[in-house]
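# Structural overview for review
Below, each chain spelled out in residue letters.
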Amino acid sequence: MKRAIMLLACLPFFLGLPVAAKAEVSGERQWQDESVYYIVVDRFMNGDMNNNEGVDLENPNAYHGGDLSGIVDQLDYIKELGFTTIQLSPIMQNDGDSYHGFHVSDFQNVEEHFGTMEEAREVVEEAHARDIKVIFDLPAGFVSENHPWAENNDESEWLTGEEVSSEHPWFDQLPQVALERENVATYFNETMDFWKEETGVDGFRIITNDSVLSGTSLQEDPLIKYSSSIEENHPFRKVTRESFNQSGNSLNDLLTEENLSQPHQLDFYDVSRFTHEAVVKGQNPITRWQLALTYIYTVPCVPVVYYGTETPIDDGGDPQNLPMMNFKAGDEKLKKRIEKLNSMREQFPALTRGDYRELYNKDGLVVFKRTYDGDDMVVAINNAEETRTMTLEGMEDDHQLRGLLHDGLVRQQSDGSYRLGMERETADVFIVEPNSGYNWLFIGFVGGVLSLFVIAVTAISLKNRKVDKR
Ligand SMILES: [Ca+2]
Ligand SMILES: [Ca+2]
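In the annotation of an unreviewed UniProt entry, the protein is listed under the name Alpha-amylase and assigned to Halobacillus faecis. Within the UniProt record for the protein, the comment given under Cofactor (unreviewed entry) is "Ca(2+)".

Our next topic: the overall build of the protein. Assigned secondary structure in the protein consists of eleven helices and 19 strands. Every one of the 470 residues in the protein was classed for burial, and the buried ones make up 41%. For the protein, the proportion of contacts with a sequence separation of at least 24, taken over those separated by at least 6, is 66%.

Attention shifts here to unusual backbone geometry. Residues T311 and P312 are joined by a peptide bond in cis, for which omega reads -15°. With respect to the helices and strands, the residue P312 is situated in the loop between β11 (302–306) and α9 (332–347). Within the chain, D398 stands out as a residue other than glycine whose phi angle is a positive 60°. Under the C-beta neighbour-count criterion, D398 is labelled exposed, with 11 such atoms within 10 Å. In this model, E425 sits at a positive phi of 50°, which is unusual for a non-glycine residue. Turning to its location among the elements, E425 is positioned in the loop between β18 (418–422) and β19 (426–434).

Let's shift gears to the environment of P300. Residue placement: P300 occurs in the loop between α8 (285–298) and β11. For the pair P300 and Q32, spaced 268 residues apart in sequence, the C-alpha separation works out to 8.6 Å. In this structure, P300 is in contact with T256, E257, E258, N259, L260 and Y356, ignoring residues within four places of it in sequence.

Next up on the list: the sheet that holds β19. The six strands are arranged β12-β13-β14-β19-β16-β17 in an open sheet whose pairing can be described as antiparallel. In this open sheet, the two edge strands, each paired with only one partner strand, are β12 (355–362) and β17 (409–411). Averaged over all adjacent pairs, the angle separating strand axes in this sheet is 20°, with direction ignored. Of the strand pairs in this sheet, strand β14 (residues 375–382) and β19 are connected by six bridges, and their pairing is antiparallel. Opposite N382, over in β19, you have T426 as the bridge partner.

A few words on the environment of V379. Within the secondary structure layout, V379 lies in strand β14. Each C-alpha atom of the pair V379 and V366 lies 8.1 Å from the other, and the pair is 13 residues apart in sequence. Aside from chain neighbours lying at most four places away, what touches V379 is T298, F368 and V429.

Moving on to the pairing of strand β5 (residues 133–139). Along β5, seven of the seven residues are buried, which leaves the element largely enclosed by surrounding structure. Where strand β2 (residues 85–88) meets β5, four bridges bridge the pair, whose relative direction is parallel. In the sheet register, T85 faces β5, and the bridge partner there is K133. Examined bridge by bridge, β5 and strand β8 (residues 203–208) share five bridges and lie parallel to one another. Opposite L138, over in β8, you have I206 as the bridge partner.

Scoring rules and cut-offs
- Residues numbered from 1 in each chain as written.
- Chains lettered and ligands numbered in written order.
- Predicted model: local features only at pLDDT ≥ 70, side-chain atom pairs only at ≥ 80, totals over all residues.
- UniProt positions renumbered as here; feature names shortened; annotations may be inferred.
- Helix = DSSP H or I, 4+ residues; strand = E, 2+ residues; numbered from the N terminus.
- Buried ≥ 20, exposed ≤ 12 C-beta atoms within 10 Å, placed from the backbone.
- Contact = placed C-beta atoms within 7 Å.
- Pairing = 2+ DSSP bridges.
- Axes fitted to C-alpha atoms, helices over the stretch in contact; angles between N-to-C directions.

Encoded structure:
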């Protein structure tokens, strides 16, 4: 009987053989492979009641108690959503009531409301234990008026002598740092090394004023470093939001760049929540998010999702309305979509590393293709209020498109064409693969193995019976 059991154990192996293996990402993980969850530290999770001095939940401009230890408590939650990186609002020593962390008074210390250096290290260690990277915000372009550099706000070794002029109250009138100066660049590069050494952090977003810090363009080794200016007007974000905030909108204005490592977010602290925009337009925010997120997760970029997107938070049109995260309020459909998109980026390198080509964009339906190492993925988003169809050109014969979000299947028609149809306000991501229809070779193979198995079992039991009779 043993031999029969062995044969049985081998069956799944034989059955599994004809399934095509997907291309693996070669080499080390890169920044472009990540999907990022952005945390406003003060408004995420209050894990420690001993650092709550001055906390006032009734006052939107006061600390609300969120801290580093709260982030550790919620790492499993973030992991379940499938994010591979967390990015933290500035955790450096801050001045007064600046819960947002952008009024730094000491770049090499942890703000006492957020915790200690030990806790900062713990966030990184616990994140790494879950295979999650950590990026710190480093607001280098300006300082608090109480930073030692700003003793008098004249031009100095460190400051330009000018104030930041911004529409955003967090940044307006702060003393400007002279980022082009060599001593300033040296200081911030040393500061980044300091945090790397103290905590093991994986990288930084360097927030600048209208100038850039020299020597800090995006680097992979040893740290992820990228710059983001408070002066930027984020054309990608603007157009993506305007395109997807209402059903029936054309998608012709969508901007796509070939930059795989450019981070993009739809919501951030300088713009009102996309959820609110959808609500104001009488739309279902969940549907709007499903389409918009599918877009930023599948075009070339690193998607950054703002905390509370999954709830989804409606800020009433005020970007500074930053409520504490409500971990019980998550919308299941939206969370499922985020989980699915995160796992797709992990599973299919075409979505993170692939070339991009638009195939179709008309009447609210956009279709594009990502290709990596010979593997094709096709993404279709229909923003129209009716079903839309299109014909895919340049497809190989005898293939099919298998949808990962809606189980759709596109097969070759008898005239040789591939017709892709999308219901109103839906998005899907398709794998392009050989037609799995009736594969007679495969069926024949399985049939053969099964017959051999039956013959073997019969033969062995006959033999055993003879042995028993002796
Ligand atoms: Ca606290
Ligand atoms: Ca402080």
